[in-house]
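Close look at the chain arrangement
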Amino acid sequence: MTLSYYDPVLAMQKIDTTLTLFVPSDKAMSKIPSTYRDRLEREEETLYKVVYAHIIPGQAVFTEPTVHNHGFRDGYPAGSNTKDNRVIIRKPNLDHVYVNSLRVTAEITNGNLTCRNGVVHIIDKLLGYVFYSVREEISKYARQFDQIINRANPDIVKGLTEQSQTTVFVPTDEAFQNIANLPWIDLNTMNQNITNMILRLHMLYNRLIVDMSALTGGYESRQPLESQQNGAMLYVYNERNESWVQGGPRGLGGVKAKVVDPDVACTNGQVNYINAVLEKHMII
């Protein structure tokens, strides 16, 4: 089958063909470095798949009647040399609606825009295109946690860069600012043992991957996940219309953190941004 980038563009222009289109905002596109955008434009087959990852053909899918974790086949032509790709609508709570396609999860920031031949949803990420490693993602968007990584044992840090599945719950810079004024905390002078514990606690054990936006149920349906910190457990669940992770050396007695940006796909794993450091008592 001969693939052309213009095929999906032509499909969008046919007023007699119903479709659902997910459109990354200008802000979402501006976050992609120009070198990666240029690379995508040169790789026509990848570009073709990425464009079709944003299309549900044959139907207008509105978010309100769609159930959580409902999957649709994307626009990639049937009969081509690839398995069927899925576009999954996720509604983990009342306040956020996500779409997942080709590993990338994006939030619908302005949805259900009715058009003559379907519906458009504006999203906050480009679907289907992953270019940062876990380490690169953290260094670009979580400077304070990046400083923790820089001071940790290189053998632990290796898991953030090598080509293997790894999931990290990453406190935002604001999360560190919230504890910076506590009298016993000094992020600049903590020793390597402390930084090692903090880093391991926020990393899941042995290739564990969890899609936070796909979770169902409330606190009573929480899922236990083993961290790399000497078997300390992390628990993930939904509560108060938000996704949460709770952990620390005391398990459910540890710190609760809200997931503010879930399921950020990386080339070697996944990042979930959270609004608290999971075990502030480790920082002495």
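Fair warning: this is a prediction, and the values are worked out from it, not measured in the lab.

Comments concerning the pattern of salt bridges
Overall, the coordinates contain seven salt bridges when judged by the stated rule. Its salt-bridge partner being R90, residue D263 comes within 3.8 Å of it at the nearest N-O pair. Of the two residues, D263 is situated in strand β12 (residues 255-266) and R90 in strand β4 (residues 86-90); the sequence distance between them amounts to 173 residues. An identical accessibility class is assigned to D263 and R90; each is buried. The shortest N-O distance in the salt bridge between D261 and K125 comes to 3.2 Å. Of this pair, D261 sits in strand β12 while K125 sits in the loop between β7 (118-123) and α5 (134-141), and the two are 136 residues apart along the sequence. Given a relative accessible area of 19%, K125 falls into the buried group.

Some words on the packing of helix α3 (residues 34-42) against helix α4 (residues 44-52)
Working note: a packed helix pair is described by the angle between its axes plus the distance between those axes. It is the contact of α3 with α4, at a shortest axis distance of 5 Å, that shows an interaxial angle of 100 degrees. In terms of orientation, α3 and α4 fall into the roughly perpendicular class. Residues L40, E41 and R42 of α3 lie in contact with α4, whose contacting residues are E44, T46, L47 and V50. Partitioning the contact of α3 with α4 into residue classes produces three nonpolar, one polar and three charged.

Basis of the calculations
- Residues numbered from 1 in each chain as written.
- Predicted model: local features only at pLDDT ≥ 70, side-chain atom pairs only at ≥ 80, totals over all residues.
- Heavy atoms only, no water.
- Salt bridge = Lys/Arg side-chain N within 4 Å of Asp/Glu carboxyl O.
- Helix = DSSP H or I, 4+ residues; strand = E, 2+ residues; numbered from the N terminus.
- Buried < 20%, exposed > 50% of the residue type's maximum accessible area, 1.4 Å probe, protein only.
- Axes fitted to C-alpha atoms, helices over the stretch in contact; angles between N-to-C directions.
- Parallel < 35°, antiparallel > 145°, perpendicular 65-115°, else oblique.
- Contact = heavy atoms within 4.5 Å.
- Nonpolar A, V, L, I, M, F, W, Y, C, P; charged D, E, K, R; others polar.

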